[in-house]
Amino acid sequence: MKRALKTPSLARRMACWLYEGLLMFGIVFVAGYLFGTLSQTRNAMDNRHPLQAFLFVVFGIYFVWLWTKGQTLAMKTWHITVLDRSGQPITQARALLRYLLCWLWFLPGLAATALFKLPTSESVVIVLGWVAVWAILSHFHPQQQFWHDALAGTRLVSTVPKSQQ
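Residues numbered from 1 in each chain as written. Predicted model: local features only at pLDDT ≥ 70, side-chain atom pairs only at ≥ 80, totals over all residues. Heavy atoms only, no water.

Draft legend 1. Seen up close, a nonpolar patch on the surface. Taken together, the side chains of Phe56, Val57, Ile61, Leu96 and Leu100 make up a nonpolar region of the molecular surface, amounting to roughly 450 Å² of accessible area. Among the secondary structure elements, those contributing two or more residues to the nonpolar patch are helix H2 (48–68) and helix H4 (92–102). Here the element with the most residues in the nonpolar patch is H2; it accounts for 3 residues. By the secondary structure assignment, isoleucine 61 is in helix H2. (Patch = residues over 30% accessible without salt bridge, like charges linked within 9 Å, V, L, I, M, F, W, Y side chains within 5 Å. Areas by Shrake-Rupley, 256 points an atom, 1.4 Å probe, with all protein chains shown as cover. Salt bridge = Lys/Arg side-chain N within 4 Å of Asp/Glu carboxyl O. Helix = DSSP H or I, 4+ residues; strand = E, 2+ residues; numbered from the N terminus.)

Draft legend 2. Region of the structure containing helix H6 (residues 120–136). The terminal C-alpha atoms of H6 lie 24 Å apart, and with 17 residues this matches the ideal 24 Å at 1.5 Å per residue to within 8%. Those residues of H6 that fall on the buried side of the exposure criterion are Ser123, Val127, Val131, Trp134 and Ala135. Projection of H6 onto a plane perpendicular to its axis shows the buried side chains occupying an angular sector of 105°, all on one side. Along H6, the residues that are exposed and aim more than 90 degrees away from the buried face are Ser121 and Val125. Where the residues of H6 are buried, they touch helix H1 (10–39), helix H5 (107–115) and helix H7 (147–152). (Expected span 1.5 Å × (residues − 1). Buried < 20%, exposed > 50% of the residue type's maximum accessible area, 1.4 Å probe, protein only. Arc of directions from axis to C-beta. Contact = heavy atoms within 4.5 Å.)

Draft legend 3. Structural context of the environment of alanine 31. When you line up the elements, alanine 31 lands in helix H1. Its relative accessible area of 6% is what places alanine 31 among the buried residues. With 24 residues separating them in the primary sequence, alanine 31 and leucine 55 have C-alpha atoms 6.9 Å apart. Not counting residues within four places of it along the chain, the set of residues in contact with alanine 31 comprises Phe54, Leu55 and Val58.

Draft legend 4. Representation of the packing of aromatic side chains within the structure. Applying the stated rule across the entire model yields 12 aromatic pairs. A centroid spacing of 5.6 Å and a plane angle of 40° characterise the contact between phenylalanine 56 and tryptophan 103, whose relative ring orientation is tilted. Residue phenylalanine 56 is found in helix H2, and its partner tryptophan 103 is found in the loop between H4 and H5; the two are separated by 47 residues along the sequence. The exposure class of tryptophan 103 is partly exposed, given its relative accessible area of 22%. Taken together, the ring pairs connect Trp17, Phe56, Tyr62, Phe63, Trp67, Tyr99, Trp103, Trp105, Phe106 and Phe146 into an aromatic cluster. Above the face of the phenylalanine 146 ring, arginine 13 is positioned so that its terminal group lies 4.4 Å from the ring centre. Seen from the ring of tryptophan 67, arginine 98 lies directly overhead, with NZ or CZ sitting 4.3 Å from the centre. (Phe/Tyr/Trp six-rings, centres within 6.5 Å; stacked < 30°, edge-to-face > 60°. Lys NZ or Arg CZ within 6 Å of the ring centre and 35° of its normal.)

Draft legend 5. Summary view of the layout of surface pockets. By volume, the largest pocket amounts to about 1000 Å³. In terms of lining, the largest pocket is formed by 31 residues, of which the most central are Trp17, Gly21, Met24, Phe63 and Phe106. Where the lining of the largest pocket is concerned, the elements lending two or more residues are H1, H2, H4, H5, H6 and H7. Ranked by the residues each element gives to the lining of the largest pocket, the list is headed by H1, at 9 residues. Here the lining of the largest pocket is composed, by residue class, of 23 nonpolar, 4 polar and 4 charged. (1 Å grid on protein atoms, 1.4 Å probe; cavity = no way out; pocket = protein on both sides within 12 Å on 5 of 7 lines; lining within 4 Å. Points joined across faces, edges and corners; volume = space filled by probe spheres on them. Nonpolar A, V, L, I, M, F, W, Y, C, P; charged D, E, K, R; others polar.)

Here's what the structure looks like:
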């Protein structure tokens, strides 16, 4: 019997997204400490760009590794799984593509703030505004998926815990 692949609600996906952000804070802390120790960085602004590149790679490893297993910790908590279009687990290549496309959540807003050299308060509004727009755009997808998932050939589906079946 083939299981129905139901898309989680936008509210549930965004709650998962926020929880993932909290978990990423811990990863940034540990990775930043490791980077600072190994590079002997004494000032937070020294080696800023290499640190950002290092964090980009660390995030990529984290997400690609866990998405190929189906879920991150936040996704497990919110009972969400990432699969390919046919309902199968995603490959490392597809997970990497999804990771790169996930930056569409932030890059347009960050590019706009850099282009216009906006102050921090306005930058926050622009970036958060773009995040809201990107999330709302999922309503225009036939299965209500985020557009980076559609472009990557992936989809988020609800998973029902065995205790609730």
